[in-house]
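# Observations on the three-dimensional arrangement
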Amino acid sequence: MVIYILIISGLIVLDQITKLLVIKYMSEGQSIVVIDRFFHLTSIRNTGAAWGNLKDQTALLSIISILSVVLFTYFLFKDGDLVNKKIYTISMLFIVAGAAGNMIDRLFRKEVIDFFDFYIFRYNFPVFNIADVLLTLGMIGFIISVIILKE
């Protein structure tokens, strides 16, 4: 169980360090081209949820974040098993860390710092961060583990 706390803590630290670097070295709205017409680093402040939904609903989103962290932490410690349920357990670790990373932003900054900006086939995908990547990968892994593998 200590390993779970270490992994979650490490992922949260990675998320928060990248956000601090964006805050320190980029102004809001600034965009740095990494791969032209494909990948930019763009400093965005999001007061809503995914794709800007629920804009300026920080209190509601903070409550949802806290409940998500508590609920998925419960599932992790109740059902997690890195030997027999690897995908399920890794998914729960990612979900808890991702939810906690964005929860920290909402509670202490009143906004989420986003910066990964991709253009896919001329479509500018909504800007996101490491916590969002963890949440997405965690949910994909959770679905695979529960529905397909029946872990």
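Coordinates for the structure precede this section.
Now for a quick tour of the structure. (Residues numbered from 1 in each chain as written. Predicted model: local features only at pLDDT ≥ 70, side-chain atom pairs only at ≥ 80, totals over all residues. Heavy atoms only, no water.)

Time to look at the pairing of strand S3 (residues 112–120). Bridge analysis of strand S2 (residues 39–46) against S3 gives 6 bridges, and the strand direction is antiparallel. Bridging from a neighbouring strand, Asn46 pairs with Val112 of S3. The sheet contact formed by S3 and strand S4 (residues 123–124) spans 2 bridges and is antiparallel. Looking at S4, one finds that Ile120 is bridged to Tyr123. (Pairing = 2+ DSSP bridges. Helix = DSSP H or I, 4+ residues; strand = E, 2+ residues; numbered from the N terminus.)

What follows is about the nonpolar core. Judged by nonpolar contacts, the single largest core of 25 residues is most densely connected at Ile8, Val69, Leu76, Met92, Ala97 and Phe116. For this core, the secondary structure elements donating two or more residues are helix H1 (2–25), helix H2 (58–79), helix H3 (86–108), S3 and helix H4 (130–148). Counting residues per element, this core draws most heavily on H3, at 9 residues. Once residues within four sequence positions are removed from consideration, Phe116 is found in contact with Phe39, His40, Leu41, Pro126, Val127, Phe128, Asn129 and Ile130. (Core = buried A, V, L, I, M, F, W, Y, C linked by side-chain atoms within 4.5 Å. Buried < 20%, exposed > 50% of the residue type's maximum accessible area, 1.4 Å probe, protein only. Contact = heavy atoms within 4.5 Å.)

Over its 19 residues, H4 extends 26 Å from the first C-alpha to the last, a length consistent with the 27 Å expected when each residue adds 1.5 Å. For H4, the full list of buried residues reads Ile130, Ala131, Leu134, Gly138, Gly141 and Ser145. Seen end-on, H4 carries its buried residues on one side only, within an arc spanning 95 degrees. Of the exposed residues in H4, those oriented more than 90 degrees away from the buried face are Ile147 and Ile148. Elements in contact with the buried residues of H4: H1, H3 and S3. A side-chain oxygen of the first residue of H4 lies 2.9 Å from the backbone nitrogen of Ala131; this N-cap is Asn129. One or two residues past the end of H4 sits Lys150, with phi positive at roughly 55 degrees. (Expected span 1.5 Å × (residues − 1). Arc of directions from axis to C-beta. Polar contact = N/O pair within 3.5 Å; in protein donor to acceptor, adjacent residues only side chain to side chain.)

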